[in-house]
Amino acid sequence: MGAFLSSILAPIALPLGSFLAIPMFSSWSTGLNLIFLSVAWTTIAASYSPLQLELVAPLVLRLSLYIIPSLIFLLFDIGLPSLSVEFKTQGQWGIPSNQKGGARAVRRVVTWSCANVLLTVALQAGIEFFVTDVLQMKSLLLIKGGRWGLNHLPNPWTMVKHGFIGLVSRNIIQYYIHNHILHSPTGGALSNLHQTWHHSVRVPYSFAANYDHPICHLLHRFVPLYLPAIALRMHILTYLIMIGLFSLEETFVYSGYNVLPSTIMLRGMARRADAHLMSEGEGNYGCLGVLDWCHGTTLGKGVVEDLKAEMDKHNVEAKAGKAFDGAGDAANGLAVCTAPIERPTMTSRKRRPNVHFWTVSDSLARYKVS
């Protein structure tokens with residue numbers, strides 16, 4: 001099995017790895033980085049079929065940005081619990097092996113979480129195979145070709161536009177599926193499965209993000225990301241960037257750590273994920289908290305409180321006041337400089353005296369001998 005996976009991953013891992021690593025570890029200029037990124041992606045797109053790209057590229061990203069970091073966090077929590085507890089929001093209860101079920105429950109969560117990740121990757125590749133090879137239709141994602149010619153890169157403006165729409169759409173779809181289907185007030189089979197599987201974990205750790213019944217997992221994690229992508233027919237590079245971002249989100253937001261890079265984004269999202277699991281799903285159905293604030297399903301501090309706390313932390317109000325004062329002073333100074341200057345009026349003007357300039361001819365005439 002290991003040899004089989006190596007044979008699949010080896011042809012694409014190196015160029016894809018260089019594609020991801022060059023911007024992070026290179027000290028070269030932005031222009032050179034873009035050139036090398038273009039060359040790396042051109043090599044990938046020209047060397048492999050669309051089906052290979054849709055299978056292996058998401059798999060590499062999920063392995064490198066979710067499964068492996070989550071495994072490192074888990075080994076740290078279990079191997080050094082006395083040190084890990086210092087960074088856990090819930091203290092000793094944040095250690096996975098201290099939760100209900102102990103090590104056996106942890107193994108179950110890890111196994112099903114990895115299985116669900118592999119399921120989504122395989123399902124996406126299967127859909128692509130069915131559409132392109134069986135139905136003989138165009139691929140659902142734009143993979144090769146396009147207006148940018150041989151390098152197979154997407155149009156930058158289209159990439160930004162599709163990325164923004166995809167991010168917003170994913171969060172909206174995920175909120176309503178999570179709230180009205182997986183936590184339906186009337187219950188139902190999916191709601192019961194989600195409650196039995198996902199909410200058996202009371203305090204989050206990274207593998208808990210994708211631990212759920214496979215059907216619930218597809219609805220909660222795969223559909224909100226994949227539907228906007230195929231509706232817009234995104235370029236696969238845009239789709240891969242979104243997969244990378246959401247993989248990092250799941251890794252850090254569900255890690256249970258209180259030391260995270262961003263107060264507004266990751267720390268607030270992590271706090272809302274904690275409250276959602278610990279309350280057994282009574283609120284906080286969206287990761288960002290905006291729709292929870294709109295619909296009144298926020299538990300604890302919401303996104304508005306996070307913004308206020310961040311503004312107080314950085315003293316935004318005082319800085320804004322100084323900026324306005326500085327702008328006012330500058331405007332006043334400009335007004336003084338541009339005001340008309342009153343010139344004194346002269347009551348009398350002296351007549352300019354006649355001045356006679358001597359010339360060479362005058363000098364010769366003076367000494368001329370008659």
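Residues numbered from 1 in each chain as written. Predicted model: local features only at pLDDT ≥ 70, side-chain atom pairs only at ≥ 80, totals over all residues. Heavy atoms only, no water.

1. Considering the UniProt feature "transmembrane region" (unreviewed entry) in the protein chain
Put simply, the rule reads: UniProt positions are given in the numbering used here, feature names are shortened, and annotations may be inferred rather than shown by experiment. Here a helix means four or more residues in a row that DSSP labels H or I, a strand means two or more in a row labelled E, and each is numbered from the N terminus.
Sites flagged by UniProt as "transmembrane region" (unreviewed entry) map to residues 31–51, 63–83 and 109–131. Secondary structure across residues 63–83 divides into 95% helix and 0% strand, with the first and last C-alpha atoms of the span separated by 26 Å. Taken end to end, residues 109–131 comprises 100% helix and 0% strand; its first and last C-alpha atoms sit 33 Å apart.

2. Comments concerning the pattern of salt bridges
Between side chains of opposite charge, a pair can form as their charged atoms come close. What counts, and what does not: By definition here, a salt bridge exists when the distance from a side-chain nitrogen of Lys or Arg to a carboxyl oxygen of Asp or Glu is within 4 Å.
If you walk through the whole model with that rule in mind, you get five salt bridges. Salt-bridge contacts for Arg202 lead to Glu280; the nearest nitrogen and oxygen are separated by 2.8 Å. A residue pair is termed long-range when its members are at least 10 positions apart, and Arg202 in the loop between helix H7 (189–197) and helix H8 (214–232) and Glu280 in the loop between helix H10 (263–278) and helix H11 (290–295) qualify at 78 residues. Among the ionic pairs, Arg221 bridges to Glu250, the shortest N-O distance being 3.7 Å. Residue Arg221 is found in helix H8, and its partner Glu250 is found in helix H9 (residues 236–253); the two are separated by 29 residues along the sequence. A single network of salt bridges, built from pairs that share partners, joins Arg62, Arg221 and Glu250.

3. Looking at the packing of helix H3 (residues 50–79) against H9
Rules: Between N-to-C directions, angles cover 0 to 180 degrees, with each direction set by a line fitted to C-alpha atoms, over the stretch in contact for helices. Convention used here: angles under 35 degrees read as roughly parallel, angles over 145 as roughly antiparallel, angles from 65 to 115 as roughly perpendicular, and any remaining angle as oblique. By convention the crossing between two helices is left-handed if the near helix lies anticlockwise of the far one by an angle smaller than a right angle, and right-handed if it lies clockwise. Only heavy atoms matter for contacts: two residues are in contact if any of them lie within 4.5 Å across the pair.
Two elements in contact, H3 and H9, have axes separated by 9 Å at closest approach and are oriented at 15 degrees. Comparing their axes, H9 and H3 come out roughly parallel. Our pair here, H3 against H9, has a crossing hand that is right-handed. Between H3 and H9, the contacting residues are Leu53, Glu54, Ala57, Pro58, Leu61, Arg62, Leu65, Tyr66, Pro69, Ser70 and Phe73 on the first element and Ile236, Leu240, Ile243, Gly244, Ser247, Leu248, Glu250, Thr251 and Phe252 on the second.

4. Points about unusual backbone geometry
The criterion, for reference: Summary of the burial criterion: residues with accessible area below 20% of their type's maximum are buried, those above 50% are exposed, and those between are partly exposed, where the area comes from a 1.4 Å probe applied to protein chains only.
The backbone of Gln136 sits at a positive phi, close to 55 degrees, despite the residue not being glycine. Here Gln136 lies in the loop between helix H5 (102–134) and helix H6 (156–182). Classification of Gln136 as exposed rests on a relative accessible area of 61%. Of note in the backbone geometry, Arg233 takes a positive phi value of approximately 50 degrees without being a glycine.

5. A word on H3
This is how the line gets drawn: Between the first and last residue of a helix there are one fewer steps than residues, each counted as 1.5 Å, and that sum is the expected span. For a residue, the bend is simply the angle between two axes, fitted respectively to the seven-residue segment ending there and the seven-residue segment starting there.
The terminal C-alpha atoms of H3, which comprises 30 residues, lie 41 Å apart, in line with the 44 Å expected from a rise of 1.5 Å per residue. When the local axis directions of H3 are compared, the greatest deviation, roughly 40 degrees, occurs at Leu63.

6. With respect to the nonpolar core
What counts is decided by this rule: Among the buried residues, those of types Ala, Val, Leu, Ile, Met, Phe, Trp, Tyr and Cys that are joined through side-chain atoms within 4.5 Å form a nonpolar core.
Core analysis: the largest hydrophobic core is formed by 24 residues, its most contacted members being Tyr205 and Phe207. Breaking this core down by element, the ones donating at least two residues are H3, H5 and H10. Of all hydrophobic cores here, the second largest spans 23 residues; its members include Leu141, Ile143, Leu153 and Leu218.

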